[in-house]
Amino acid sequence: MVEGSELKKIRPNSRVYQRYYLLDAGLQALCWEPSKKESDKARISLSSIREVRTGRNTETFRTSGVYDQISEDCAFSIIYGDIYESLDLVANSAEVANIWVIGLRYLMQYGKHTLDMLASSQNSLRLGWLEQLFSSAANQDTRRDMTEGIHLELAIKLIQGVNPGVNSGKVEHRFKELQRLRERMCELTIDNGSGLEDYSENKKLTARNERVTKQEFVEVFHDFCTRPEIYFLLVQFSSNKEFLDTKDLMRFIEAEQGMAQVSEETSMKLIQAHEPSEKGREQGYLSLDGFTSYLTSAECHLFDQEHSIICQDMTQPLSHYYINSSHNTYLIEDQFRGPSDISGYIRALKMGCRCVELDVWDGADEEPLVCTGHSLSPPLLLHCVLEAIGRFAFAASEYPLILCVENHCSLRQQKVMWQHLMRILGERLYTDPPDEEASYLPSPHALRHRILLKGKKLVPSSDGEDGEVSEEDEGAEMCQKIKAVNSGGAAPGGSEKDTVQKIVITSSPSSVPPKRFQLLKELSDLVNLCQSVTFIDFPTSSKSQKPWEVCSFHESLAVRLASENPGDFVNHNKHFLSRVYPNPMRIDSSNMNPQDLWKCGCQIVSMNFQTAGLMMDLNTAWFRQNGNCGYVLRPAIMRQEVSYFSADTRDTVPGVSPQLLHVKVISGQNLPKPKGSGAKGDVVDPYVYVEIHGIPADCTERRTRTVSQNGDNPIFDESFEFQINLPELAMVRFVVLDDDFIGDEFIGQYTIPLECLQPGYRHVPLQSLTGEELPHAKLFVHVALTNRRGGGKPHKRGLSVRKARKGRDYTALRDLGIRAVDEVFKMAAPLLREATDLRGNMQMVQASRAVMELSDGIHDKILHIQTTAMEFHEKLQSLGTKEGLKGSKVSRAVERFSWNITILKGQADLLKHAKAEVLENMKQVHDAALAGNLTKERAGLRRASSQTRRGPNEKLAMSTRGQSA
């Protein structure tokens, strides 16, 4: 910026002027030339700049005749002066525009002094540490001779020790560049007539082979290990602008990182762990390099480590959990011709999968086989599959493993199957018959280290003979797609002719009734808590389905039910396990979107684990939130007996307070060239998508601009805000792409449940297409959540962001048309309005007292009305009939009753959490007041004497500086 740039100046009359803009040497003003104006008029004082605005977002731009010819990424405006004039500029590239925007913003916010500190290492902790590091390396350099410095290779290793992601080739190139500069200086010395003695000394320096001087090492270290965005963050919280002392660091980790009960001792422990200089550790100072080490450590990972272990209640019924599930686990490629392999089971089980699938067919030599019928995929021996399952069943989780057995065997080979199961899995098989009186399944905790078989069950017969059951054949429909294929294989145990005949016979499964087959009683006895039954409709299931009976839904049917009967589907899954399997037409093993089914409460959504991509990213990330144990507790609104939730909601959820998520994408580090990229060189043009996945009301995405030709440390510096209406079902996904002229190419991604986000300044480790972590590739972001509820961690809300004020919405209760019940609910209306007002005003300190004093009474009254209303629950049908309601009107009354109960319970819970949040906020205000030397004297609060007054960074922790950051 001091050297200057050619920029186009846009005038209101649509004229465009080419001007040369630069900062003056003192960094006090923006100047431009050539100009007919006097020099004092061709400048803008930095102190007069009010705003630096990106894009074509001023009246001058909008009314300009060249508006459509200007790139949004290259345009920016400087708003300045008392009357807010605008200087509207267009750079030759987005990168140049970004340099000016970020540079001017930082100068406005932090001033010249911070840049002076950044440009110089003199008299700093860093310089002393680097000199010591260099000297130590020089003493240990075994290749050291009489020449000065250390070996180039050793210098590169020292820099990579601090910044492991830096490219060694780039570091070497920079060292060679400095050495060539030194050589040219030597030549200039000769040309200027220096003595032979000076020339000889300089020549000795430049002639050294593969050596690096201390001065060169410090300069290159500064180039590759200084991240400006972290330096300016340090300056923001530092009271001396060079390092963070224990109090500075304490304020940062409490106000921004969301930690509770922080002390100077906490800060000192972090300094001892991350500060590289001995002097810094002794004096309790965290230098820029120590601060960078802290921010890139596991402590500042975006993923909350509380979720890396089991953190949810595991004692609820099995149907209350999402269960990590695999489809056709034995396949490792496509569904028709691809190979089968035992490694599919091992990989899935190691990933925390708790439901795997076995399609079992008759094989040669009386050995049952596992494979997909009607396909050309090679089979596996059943006993080999079971042995692998037996070894790895509980490698990643102690909670129950469900084996979905699709049985196509003859009685003879069913006997062999039963023998293998008993011999290999033995006592781990759950064989207890279900409790006929139970209304729910046992919990995952009660079923630890047990293996459950899902399959067909014999209906008890009077003669005790083996009976018939209908066959499950999920793959039969695939034959519609492949019957024209020139098949080259046979069904297990049959000939090629048999295969073709079977394909033709089952080509239209929708019109052919399910085949029936003989089921071995001993095998039937192993199926208890997961008995397969056919889904007819929701009323039938409500009347006759048992808690231990499981319906399997074809993907298309499940999606249709989610669309046409979203409320019924959610209610069905409160009591019964539902399994959804992919459309058999997905021959390429592509995956459905699991959230389309999770939002209906479907517990078992079977995924093709072998197929990487967005859908598996969502599935893998989702099950990480509970210690990767394969079970995730569903949202309370999907579990409560009487509650209202519709899976297709496109608005706020009754009884759930929306959260505002603020995400600032600051920068990227060590972004690799996309795998398989056709572009030449190693340069990338990255940009970032921030995606929200959840219920329809929450699904959205935003993208940053593209940073041209910078994968090492691109600065994005863009903020986004999202309203999350059902936080418990939301996920955030960061996707980094290369803006290649041929097409966008994938660089990396990271997906995380909203519940696992840590607030504050965090690093996001990027993963490849196949889920492996990309070495040293990260995003640096700032995250803040408002209105965070529950989870035992209200202190992680992130105090640096406030919710914008808007008109207050009051959720209305609904009339049932049943007078006695409606009268009860009407009593709650004023209480709900009062509760909403209390929560809405609680950010005001004066209103906090009202929340603390009144919330308990309102909470108890609301719960009392809820309890009174619930006394009518069992009698709703008969009460509705007495009031003259019939058919759909009765159903509507029941639905509205659930809605009202949900509102009452939700508002009571929100009020309870509001009180807890107010108490936490007041505690932080109190602690911050003590830290800021605020004392209470007579008339009120006043600052302590000027002798003890601290700088601006000692203000209350509840300042909104994170918002401007």
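Look up a bit, the structure's there.
My aim in this report is to walk through the structure given alongside it, one point at a time. (Residues numbered from 1 in each chain as written. Predicted model: local features only at pLDDT ≥ 70, side-chain atom pairs only at ≥ 80, totals over all residues. Heavy atoms only, no water.)

A word on the overall build of the chain
If you tally the helices and strands in the chain, you get 30 helices and 32 strands. For the chain, buried positions account for 53% of its 965 residues. Here the analysis covers contacts within the chain between residues at least 6 apart in sequence; of these, 70% occur between residues at least 24 apart. About 44000 Å² of surface is accessible on the chain, with carbon and sulfur atoms providing 49% of the total. (Helix = DSSP H or I, 4+ residues; strand = E, 2+ residues; numbered from the N terminus. Buried < 20%, exposed > 50% of the residue type's maximum accessible area, 1.4 Å probe, protein only. Contact = heavy atoms within 4.5 Å. Areas by Shrake-Rupley, 256 points an atom, 1.4 Å probe, with all protein chains shown as cover.)

Let's talk about the packing of helix α10 (residues 246–255) against helix α11 (residues 264–274)
Closest axis-to-axis distance for the α10/α11 pair is 8 Å, and the angle between their directions is 100 degrees. Relative to α11, the element α10 is oriented roughly perpendicular. In this structure, α10 uses Thr-246, Lys-247, Leu-249, Met-250 and Ile-253 to contact α11, whose residues at the interface are Glu-264, Thr-266, Ser-267, Met-268, Leu-270 and Ile-271. When the residues that make up the contact of α10 with α11 are grouped by side-chain class, the tally is six nonpolar, three polar and two charged. (Axes fitted to C-alpha atoms, helices over the stretch in contact; angles between N-to-C directions. Parallel < 35°, antiparallel > 145°, perpendicular 65-115°, else oblique. Nonpolar A, V, L, I, M, F, W, Y, C, P; charged D, E, K, R; others polar.)

A look at helix α15 (residues 382–392)
For α15, the tally of buried residues reaches eight of 11 residues, placing the bulk of the element in the interior. Every buried residue of α15 is listed here: Leu-382, His-383, Val-385, Leu-386, Ala-388, Ile-389, Gly-390 and Phe-392. Tucked into the core, α15 has its buried residues touching α14 (343–350), β11 (355–361), β12 (369–370), β13 (380–381), β14 (401–407) and α16 (411–424).

Some words on the sheet that holds strand β1 (residues 5–10)
Pairing within the open sheet is antiparallel, and its seven strands lie in the order β4-β3-β2-β1-β7-β6-β5. Among the strands making up the open sheet, the edge pair consists of β4 (43–45) and β5 (49–54). This sheet shows a mean twist of 30 degrees between the axes of neighbouring strands, independent of strand direction. Note that strand β3 (residues 29–33) and β4 share three bridges and pair antiparallel. Bridging from a neighbouring strand, Cys-31 pairs with Arg-43 of β4. (Pairing = 2+ DSSP bridges.)

Examining the packing of aromatic side chains
In the structure shown here, the tally under the stated rule is 21 aromatic pairs. Ring centres of Tyr-21 and Trp-32 lie 5.6 Å apart, and the angle between their planes is 40 degrees; on these two criteria the pair is classed as tilted. In this pair, Tyr-21 sits in strand β2 (residues 16–23) while Trp-32 sits in strand β3, placing the two residues 11 residues apart along the sequence. Each member of the pair, Tyr-21 as well as Trp-32, is classed as buried. Ring geometry for Tyr-399 and Tyr-631: centres 6.3 Å apart, planes at 70 degrees, overall edge-to-face. (Phe/Tyr/Trp six-rings, centres within 6.5 Å; stacked < 30°, edge-to-face > 60°.)

Concerning the pairing of strand β7 (residues 85–90)
Inspection of the sheet shows β1 paired to β7 by three bridges, in the antiparallel sense. Residue Ile-10 lies in a different strand from β7, and its bridge partner there is Asp-88. Two successive antiparallel strands, strand β6 (residues 75–80) and β7, enclose a turn made up of four residues, where Gly-81 displays a positive phi of approximately 80 degrees.

Some points on unusual backbone geometry
Even without a glycine there, the phi angle at Asn-328 is positive, about 40 degrees. Mapping Asn-328 onto the fold places it in the loop between β10 (321–326) and α14. In this structure Asn-328 comes out as buried when scored by relative accessible area, which is 4%. Although it is not a glycine, His-449 sits at a positive phi angle of roughly 60 degrees.

Side note on the environment of Lys-269
Tracing the sequence through the fold places Lys-269 in helix α11. Taking the relative accessible area as the measure of exposure, Lys-269 reaches 57% and is therefore exposed. The spacing of Lys-269 and Gly-284 is 15 residues in sequence and 9.4 Å in space, taken between C-alpha atoms.

A short note on the environment of Cys-371
Looking at where Cys-371 falls in the secondary structure, it is placed in the loop between β12 and β13. Note on Cys-371: relative accessible area 2%, which makes it buried. Taking the C-alpha atoms as reference, Cys-371 lies 7.5 Å from Leu-358; in sequence the two are 13 residues apart.

Some remarks on the side chain of Arg-705
Here Arg-705 is to be found in the loop between β25 (700–703) and β26 (715–724). Although Arg-705 lies buried, it forms no salt bridge, and the closest oppositely charged side chain, Glu-718, sits 4.3 Å away as judged by the N-O distance. A polar contact of 2.7 Å, which involves the side chain of Arg-705, links it to the backbone oxygen of Ile-715. (Lys, Arg positive; Asp, Glu negative; His and termini not counted. Salt bridge = Lys/Arg side-chain N within 4 Å of Asp/Glu carboxyl O. Polar contact = N/O pair within 3.5 Å; in protein donor to acceptor, adjacent residues only side chain to side chain.)

Remarks on the packing of helix α4 (residues 125–140) against helix α8 (residues 214–225)
α8 packs onto α4 with a crossing angle of 125 degrees between their chain directions and a minimal axis gap of 10 Å. For the element pair α4 / α8, the angle class is oblique. Read as a crossing pair, α4 and α8 show a hand that is right-handed. Residues Arg-126, Leu-127, Trp-129, Leu-130, Glu-131, Leu-133, Phe-134 and Ser-135 of α4 touch α8, and the partners they reach there are Lys-214, Phe-217, Val-218, Phe-221, His-222 and Cys-225. The class makeup of the residues in the contact of α4 with α8 is nine nonpolar, two polar and three charged. (Left-handed = near helix turned anticlockwise from the far one by under 90°.)

Regarding the pattern of salt bridges
Applying the stated criterion across every chain yields a total of 23 salt bridges. Asp-24 is paired through a salt bridge with Arg-43; the nearest N and O atoms lie 3.6 Å apart. With Asp-24 in the loop between β2 and β3 and Arg-43 in strand β4, the pair connects residues that are 19 residues apart, well separated along the chain. A salt bridge links Glu-172 to Lys-176, with the shortest nitrogen-to-oxygen separation between them at 3.4 Å. Here Lys-176 and Glu-172 lie together in helix α6 (residues 168–191), a separation of four residues that amounts to about one turn. By relative accessible area, Glu-172 is classed as partly exposed at 32%. When salt bridges with common partners are traced through the structure, they connect Arg-174, Glu-177, Glu-219 and Asp-223 into a single cluster.

Notes on the environment of Thr-902
The residue Thr-902 is located in helix α29 (residues 888–931) in this model. Along the backbone, Thr-902 and Val-653 are 249 residues apart, and their C-alpha atoms lie at a distance of 9.7 Å. Residue contacts for Thr-902: discarding those within four places in its chain leaves Ile-637, Val-642, Ser-643, Tyr-644, Pro-654 and Gly-655.

Overview of α10
Most of α10 is tucked away, with nine of its 10 residues classed as buried. Within α10 the residues assigned to the buried category are Thr-246, Asp-248, Leu-249, Met-250, Arg-251, Phe-252, Ile-253, Glu-254 and Ala-255. Near the N-terminus of α10, the side chain that reaches the backbone nitrogen of Lys-247, with its oxygen 3.0 Å away, is that of Asp-245.

Some thoughts on the nonpolar core
One finds Leu-358, Ile-389, Leu-403, Leu-421, Ile-451, Leu-453 and Phe-569 to be the most contacted residues of the largest nonpolar core, which totals 72 residues. Discounting residues that sit within four places of it in the chain, Ile-389 has contacts with Tyr-345, Leu-349, Val-356, Leu-358, Leu-401 and Leu-403. In this structure, Val-688, Phe-722, Ile-747 and Leu-766 belong to the second largest nonpolar core, which totals 33 residues. (Core = buried A, V, L, I, M, F, W, Y, C linked by side-chain atoms within 4.5 Å.)

Some thoughts on the pairing of β14
Along any regular strand, the residues point their side chains to alternate faces of the sheet. Within β14, seven of the seven residues are buried, leaving the element largely enclosed by the surrounding structure. The two faces of β14 match: Leu-401, Leu-403, Val-405 and Asn-407 on one face and Ile-402, Cys-404 and Glu-406 on the other face are all buried. Two elements, β11 and β14, share six bridges in a ladder whose sense is parallel. Pairing of Cys-355 across the sheet is with Ile-402, part of β14.

Observations concerning a positive patch on the surface
There is a patch of like positive charges on the surface, built from Arg-814, Lys-889, Arg-892 and Arg-896. Tracing the chain through its elements places Arg-896 in helix α29. (Patch = residues over 30% accessible without salt bridge, like charges linked within 9 Å, V, L, I, M, F, W, Y side chains within 5 Å. Charge placed at Lys NZ, Arg CZ, Asp CG, Glu CD.)

Some remarks on the side chain of Ser-297
As for its position among the elements, Ser-297 is in the loop between α13 (288–295) and β10. Reaching out from Ser-297, the side chain makes a polar contact with the backbone oxygen of Tyr-294 at a distance of 2.6 Å.

Nothing here speaks to function; it is all geometry.
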